[in-house]
Amino acid sequence: MEKQVVFRSAWLPYALVAPQVAITIIFFFWPAAQAVWYSFQLQDAFGLKTQFVGLQNFATLFEDSNYLESFKVTAVFSALVGFFGIAISLLLATMADRVVRGAMAYKTLLIWPYAVAPAIAGVLWAFLFAPSIGIVTYVLKGMGVDWNWIIKGDQAMLLVVIAAVWNQISYNFLFFLAGLQSIPRSLIEAASIDGASPTRRFWTIVFPLLSPTTFFLLVVNTVYAFFSTFGIIDTTTQGGPSQATQILVYKVYHDGVKASDLGGSSAQSVILMIIVIALTVVQFRYVERKVQY
Amino acid sequence: MVENRPWLNAFAHGVLIVGVIVVAFPVYVTFIASTLTLEQTLQVPMQLLPGDQLLQNYAQVLGAGSHKGSKAAVSQMLLNSLVMALAIPIGKIAISILSSFAIVYFRFPLRMFFFWMIFVTLMLPVEVRIIPTFQVVASLGMLNTYAGLTIPLIASATATFLFRQFFLTVPGELVEAARIDGAGPMRFFWDVLMPLSKTSIAALFVIQFIYGWNQYLWPLLITTDESMYTTVIGIKRMIVGSDSANEWNLIMATAILAMLPPAVVVLAMQKWFVKGLVDTEK
Amino acid sequence: MNRRFIQLTAAALTTLAATWPAQAQTEIQWWHSMGGALGEALNGLADKFNASQKDYKVVATYKGQYPESMTAAIAAFRAGNAPHLLQVFEVGTATMMAAKGAIVPVATVMANANEPFDPHAYLPTVVGYYTDLKGNMLSFPFNSSTVMFYINKDAFKKAGLDPNKAPKTWKEVLAAAEKLKASGQECVYTTSWPSWMHIENFSAWHNVPIGTKQNGMGGLDTVFTINSPLHVRHIAMLGDMAKKGLFTYAGRTNQGDAKFSSGECAMFTGSAGAQAGIKKAAKFDWSINFIPYHDDVKGAPQNSIIGGASVWVMGGKKPEEYKGVAKFMAFLSRPEIQMEWHTTTGYVPITQASYELTRKSGYYDKNPGADMPVKQLTNKPPTENSKGLRFGNFVQGRTVIEEELEAVFAGKKDAKTALDDAVRRGNEILRQFEAANK
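Residues numbered from 1 in each chain as written. Chains lettered and ligands numbered in written order. Predicted model: local features only at pLDDT ≥ 70, side-chain atom pairs only at ≥ 80, totals over all residues.

A.B. asks: Where do I start with the interface of chain C and chain A in this structure?
C.D. replies: How big an interface is tends to be expressed through the accessible area that disappears when the partners come together. Listed as interface residues are 28 residues of chain C and, on the opposing side, 22 residues of chain A. Elements supplying a minimum of two residues to the side of chain C that touches chain A: α3 (66-78), α4 (93-98), α19 (394-409) and α20 (415-436) of chain C. For the side of chain C that touches chain A, the element with the most residues is α3(C), which contributes seven residues. A breakdown of the residues in the side of chain C that touches chain A according to their chemical character gives 15 nonpolar, seven polar and six charged. (Contact = placed C-beta atoms within 7 Å. Helix = DSSP H or I, 4+ residues; strand = E, 2+ residues; numbered from the N terminus. Nonpolar A, V, L, I, M, F, W, Y, C, P; charged D, E, K, R; others polar.)

A.B. asks: What's the story with the interface of chain A and chain B in this structure? I'm lost.
C.D. replies: Contacts between the two partners involve 85 residues from chain A, matched on the other side by 80 residues from chain B. It is helix α1 (residues 12-39) of chain A that provides the largest number of residues to the side of chain A that touches chain B, a total of 18 residues.

A.B. asks: I tried to follow the environment of A:Ile205 on my own but got confused; where do I start?
C.D. replies: Residue and element names in this part refer to chain A. Secondary-structure assignment places Ile 205 in helix α9 (residues 198-228). The spatial distance from the C-alpha of Ile 205 to the C-alpha of Ile 188 is 7.6 Å, given a sequence separation of 17 residues. What Ile 205 contacts, discounting residues up to four positions off in sequence, is Leu 187, Ile 188 and Ala 191.

A.B. asks: Could you clarify how one ought to interpret helix α1 (residues 6-33) of chain B in this entry?
C.D. replies: Helical periodicity: at 3.6 residues per turn, an α-helix aligns residues three or four positions apart in one direction. Residues and elements named next belong to chain B. With 28 residues, α1 should cover 40 Å at 1.5 Å per step; its first-to-last C-alpha distance of 39 Å lies within 8% of that length. A maximum bend of about 40° is found in α1 at Phe 25, where proline Pro 26 lies one to four positions downstream. Along α1, the residues that are buried comprise Ala 12, Leu 16, Gly 19, Val 23, Pro 26, Val 27, Val 29, Thr 30, Ile 32 and Ala 33. (Expected span 1.5 Å × (residues − 1). Bend = angle between axes of the 7 residues up to and from the residue. Buried ≥ 20, exposed ≤ 12 C-beta atoms within 10 Å, placed from the backbone.)

A.B. asks: Please clarify how the sheet that holds strand β7 (residues 187-191) of chain C should be interpreted in this entry.
C.D. replies: Strands pair in a sheet through their backbones, by hydrogen bonds, and they do so in one of two ways: parallel or antiparallel. Residues and elements named next belong to chain C. Pairing in this open sheet of four strands is mixed, and the strands run β7-β8-β6-β9 from one edge to the other. The strands lining the two open edges of the sheet, one partner per strand, are β7 and β9 (286-289). Taking each pair of neighbouring strands and ignoring which way they run, the sheet shows an average axis angle of 15°. Note: strand β6 (residues 147-152) against strand β8 (residues 265-271), five bridges, orientation antiparallel. Each bridged residue has a counterpart across the sheet, and for Tyr 150 the counterpart in β8 is Phe 268. (Pairing = 2+ DSSP bridges. Axes fitted to C-alpha atoms, helices over the stretch in contact; angles between N-to-C directions.)

As structure tokens, this is what we get:
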């Protein structure tokens, strides 16, 4: 971090950092501090009466089976998104690494879903899976599956997982591809000369060498599943049915905006902040060191 | 590829082709739906070949939105999305490159303090401070304004880190040379550092363009005026009922319009896009 | 001076005179949540008012759906620039009522502005929801509807049922459902707004309470009573129907409307306001009827309660502006204006006079069934169980009820457990509201 050659000036550095620091204070720290402050208050919707209640909002949250359910839903959701997102992308990246002809074309064709907003990904897949008119629904019904995610919670979860995984494939794919291409060919060749089959080589050499990338993607996908999937949930299930897809961030939004429950929503925000901080710490301390490009 | 195994190659191609098809399928269906009439989209199963309503549907949404849902013209929404998609990267890059420059190339009290302050914002995505940020913006009178849509989103740590990372790799000799020539810090910045940073800036621009264009939660919170909707939000507002009550052909036309610019950017600037993704995660 | 100069000056002055701004009007900001055709009708009302006088101008702005509009208004209020008028859905009544500094009761506004205002001119069931126990009108019942029972007459004919005899009791509904299913109808019955229909209106229609203290109107310390044996029996019946394929759940809001108007479902309970959409989209013969009841319950059918929204007057404005608000409310209460709103949108007329005027105009003869909503609302004089409800944070309360109902319809919970859970979770929300508004 230290550079030997520096400039000296009494005022210039401050002027240079001022815009960013100003915006950071006004739009990050001030609201975050307010969230913490509100989480200790009990208020009516209009803020006309406020009472300081200490940690009571938090206690209420942890006694609320809805909130605990929301934790569970979020955990399940991010586990599914992480697992399938990584597995499918790894498969695609390994195959793409292998082919010589058309590699660029495949790469181009597989990375553009990154450009699609999660909210739109949700709309697209909801259309395909629409209980009455969706094309995939039609095929499923033909196979005897009773598809109706409006009433079946597990199906609703499946829908949002599919949309989220689809959205994230490009990102995971790119990192795996880069990771694969940085593995020294000499290692692979040596193993092949020893008689190892491609599958053996993959599991004993490639996969372990990819583990930093995998771990890194796991953390990133978890953060993605926690936060960026808000758009998917809002345009499709809105947390339903019966809370089956009520991820934590959606509950914060619902309670704050739709139900005007400022104290509860702020307390949830504070808890989410703690989770993000933990995830970020993990990402920086344990992962960044080891990922190779 | 180490040895030549034809069946494995065929398998690899097979998997990749299936992957490409699965990835493209939803968008293909969306495109088809955007060329049909409403009745045709409600047919089960919906046809998989393009219809003839392409011009009508797109003209309709661009001019006057949907019939049953929001009537806001998508052309206005595209403009709003564009404003966000341009203002955010430009703003972000501008203030981040300046603060990175200050943090890397100067010694001053509070330097580390500012650095950590910016770092901490990584842990505060907008989703964890929704309501208070909304209130701050409301009390500043910035609801339903371009300023409100963009300014809160331009202070970011990732851009600052990217530039810092890059600046650390710039050889010290260049600074020495500038000093010897009598150039001040800002001259150094403009004449030496900026040109060197071009690829990083381009990479960051691509990623942030997509980020700005695809913003959902923030515009959802602070825009209630139809004239300020972004395209992504506009789609949500067109979905008014259950699956058979929505005007899917128009919704899908809007979705295609919403996906097009970022997709074009990704494909046309693929190299920078990949670099941007990879670099910002370092 | 030369002629050219005079000509130019004359032209300039004429232009100036023509574009000189009209006398400054007092603007009244109205935030609402009516989109589409309803929004156009609403704008029509505002335009009419503006054209009818020169002192005030009502500016109506669509602010998103009810929850978003309310959030925006709350934030605006906290920032000091709330609108004058805010359309708030009926479940927000308790929240608005408790915000004593933020709102001004309509009765007070009218009195202060010396606008003639006779509370008795309004239909009791409509107004009762938005009136305090002393009889003061708190908000203006702008768009009220009630839940009705629609049947697809063509589907009935096909199943061998008399299309002109819609089922009156739930027993008859079940019998018709079996026949419809047998005739090949895939979706037999669906509903919009499940909580509004099957818990709230169900209770009122059978003259049983939804909660203590007159459904919450009598105090913040109310508790829910929706797990009574009658409620459990009814929801269990629905769960059973769902299992047998006789009831298709459509979602929490008005998603059932499209299922009926597309012909997919043969019987349907939904808002009276759905009529407009059904009229446009349905390609079959249909009728609108009273909602079914259990004929072994004493006192049923009582009367149904309204849903929809009312217009609240926000506090902190200038007296001159409130005068304009009062004039606008008086305008909205005029029989001809009410009649126009009622006949265009399907929402119920709110005054006796407008109801009479519509009847005299022959509208109900030409449109049989259009007066069913009012008839159902005024079926019997309301009791303390059927004036409406007023529960704090009822947005969350309704969500809880809907979640528990969904569990029953999906076969995950039995009715008794679900309703007990709904009561328990709902009461927690009520206690929170009580604590925050003491």
